[in-house]
Amino acid sequence: MLLYLQKQIAIMRMKLCQRYICLCLFLVIFIWTILNLMTLFFSGDMKSKVLNDFDDESHISDSVGGSDNDQDVNEVGIVLNNEDSKLIEHGYTKHAFNLLISKRLGLHRQIKDTRHERCQLKTYSPDLPFASIIICFHNEAWTVLLRTLHSVLDRTSEYLQEIILVDDFSDITYLKHELDNYISNYPKIRIIRAKKREGLIRGRMIGANAALGQVLVFLDSHCEVNVNWLPPLLERIKLDRHTVVCPVIDIISADTFEYKASPAVRGGFNWGLHFSWDQLSPASFKSSEDHVKPIRSPTMAGGLFAIDKEYFHYLGDYDPGMEIWGAENLEISFRIWMCGGQLEIIPCSRVGHIFRRRRPYGSDSKGDTMAQNSIRLAEVWLDEYKKYFYDVRKDLIGKSFGNITSRLNLRKRLNCKSFKWYLENIYPEMLFPNKRSEKIVHLPQRRNPATVWKGKLQSIGRQGYCLDSPGQSSQKRAQVVLHNCDEINSKYWSFNEDRELKLDGLLCLEASIVRVKKSIRIMKCHGQGGDQEWKYMKNKNLLYHASTGLCLTLGDGFNIEMGICKKNEEKQKWKFVY
């Protein structure tokens, strides 16, 4: 009996030992698996995948699931919680664009090739000069700055000497050591930090003086370059080093980050010395080859251009007496033309630029730098025509503009032509105040967008009630309300291919990005998307507003507001009824 018990105890001990070993092995394998998953998750590839997954609504839990079979960058901005709303508000306040969408897009994204098809057939010299890309920034958003850098690295396979970042005394923490650590992985990128706030003008001069490339290419810190963007610019400079070239500037929406092609235009200005775009006449494009020829431009927008480095210094760089930002683009444009050079826009080079809703930072206690710089420009380059500037800007007569002796001496040394010559030969279309134009102005005609949905817009959450105006449907600034569908003031709503929601074909539904909750009004249609851009998700009956990332929602009582999109929220469901 004793022997039997001893045998049973031995067997139990053996089984316990085996179970213990199995448990240990299981724990080791489990911990190893978890660690590997965490490593994979936090690696660059997985982070990129997670960011890209926001493009697919099915990955957004407890929100708008499914797909409308027309995937769209705008859906990346769907707000999932209050933190997302705060990030949007912070982005518009700090940077003047939708930071939530920028973060979700990631640092690499594909953009459509907006060049004319003939550009793909063009070839360029095999020995083009190398370029230094100079990007000056002040308190730029992390994802926007890095996406600018990666677009250059990803789409510039040749002729890139270096990228020079000039930090204009930013005070955001992540733009210090974190940025240094990030760019240390990219040998072609280096950073120069200003000791004090210099502004865009002197910041670019700091970059130009440090550049090693034969050509200087200036970009803003919120851009995305397009396919094969650099060779067309370098080719023109190689042919004639006195040629200064600009890419066509495509539009990146500050609200949705959608990339859109710009039409062929050239730069102009008015007598208040503000830059403007001039539409080219249809006669300029008689053949397909005309779509790829360089466009002579009286002025440049200033943010994006390329110039031979030696020629830039020969011309006198920028005016160092100008402060921060403003009018420097017109000053260098006049100087190029009047002092023997030429300025062109190159249609086969395209760069997208975020057109922010406002300039998000000040001038560091330097006052109205645009006005001060404009006075310097007028006094140095406009000759007797400066009277027209002061006719427009009477408030600037007698204002201080600093010492311009060195710039007047530069003009004399370069043997520059008169402003009269410039107006007669480069910009004869320029009108003088109080004189009527006899020329035909070719304004871009907006096409009539096709209607996709039309009818009364009925609430599913409150049957029998429809979205309506409080009074006449032609009354601008009125906040929309809910009325009995049989007693509404308006006739119908229509949703068109430009994603406008129009009332009686007259006014557009607009949701304010600043005062999101309550400010839902009918306003004059501006055709620029943004606060008037909607998406009707028919299979979910949701009206999604791209700029705010929210959905049209039935609030308390009969009020209408914007709310976080939820797939099963009856108060957010709408349908067109006929």
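Looking at an unreviewed UniProt entry, the protein carries the name Polypeptide N-acetylgalactosaminyltransferase, with the source organism given as Actinia tenebrosa. We quote the UniProt Cofactor (unreviewed entry) comment for the protein here in full: "Mn(2+)".

(A) Representation of the environment of Cys416 in the model. On the secondary structure map, Cys416 appears in the loop between α13 (405–413) and α14 (419–425). The class for Cys416 is buried, based on a relative accessible area of 15%. Residues Cys416 and Cys339 lie 77 residues apart in sequence; the distance between their C-alpha atoms is 4.2 Å.

(B) Molecular detail of the nonpolar core. Ranked by internal contacts, the top residues of the largest apolar core, which has 59 residues, are Phe334, Phe419 and Tyr422. For Phe334, the contacting residues outside a window of four places in its chain are Phe269, Thr299, Leu377, Trp381, Leu382, Phe419 and Tyr422. Core analysis: the next-biggest nonpolar cluster, separate from the first, contains 43 residues, Ile101, Phe495, Ile513 and Met562 among them.

(C) Local environment of the pattern of salt bridges. Tallied over the full model, the rule gives 31 salt bridges. Asp290 is the partner of Lys293 in a salt bridge, and the nearest nitrogen-oxygen pair spans 3.4 Å. The class for Lys293 is partly exposed, based on a relative accessible area of 41%. Each of Asp319, Glu331, Arg335, Arg376 and Arg407 takes part in salt bridges that share partners, so that together they form one network.

(D) Molecular detail of helix α8 (residues 230–239). Buried residues dominate α8, accounting for seven of its ten residues. Buried within α8 are the following residues: Leu230, Pro231, Pro232, Leu233, Leu234, Glu235 and Ile237. Where the residues of α8 are buried, they touch β1 (131–137), β4 (215–219), β6 (243–253), β11 (305–308) and β12 (342–355).

(E) Quick look at the confidence of the model for the protein. For the protein, the average pLDDT comes to 85, and 83% of its residues sit at 70 or higher. Below a pLDDT of 50 lies the segment residues 39–71, which in the model reaches 56 contacts outside its immediate sequence neighbourhood of four places, other chains included. Here residues 437–443 is a poorly scored stretch, pLDDT under 50, and it has six contacts once near neighbours within four places are set aside; other chains count.

Cut-off values and rules
- Residues numbered from 1 in each chain as written.
- Predicted model: local features only at pLDDT ≥ 70, side-chain atom pairs only at ≥ 80, totals over all residues.
- Heavy atoms only, no water.
- UniProt positions renumbered as here; feature names shortened; annotations may be inferred.
- Helix = DSSP H or I, 4+ residues; strand = E, 2+ residues; numbered from the N terminus.
- Buried < 20%, exposed > 50% of the residue type's maximum accessible area, 1.4 Å probe, protein only.
- Core = buried A, V, L, I, M, F, W, Y, C linked by side-chain atoms within 4.5 Å.
- Contact = heavy atoms within 4.5 Å.
- Salt bridge = Lys/Arg side-chain N within 4 Å of Asp/Glu carboxyl O.
- pLDDT = per-residue confidence, 0-100.

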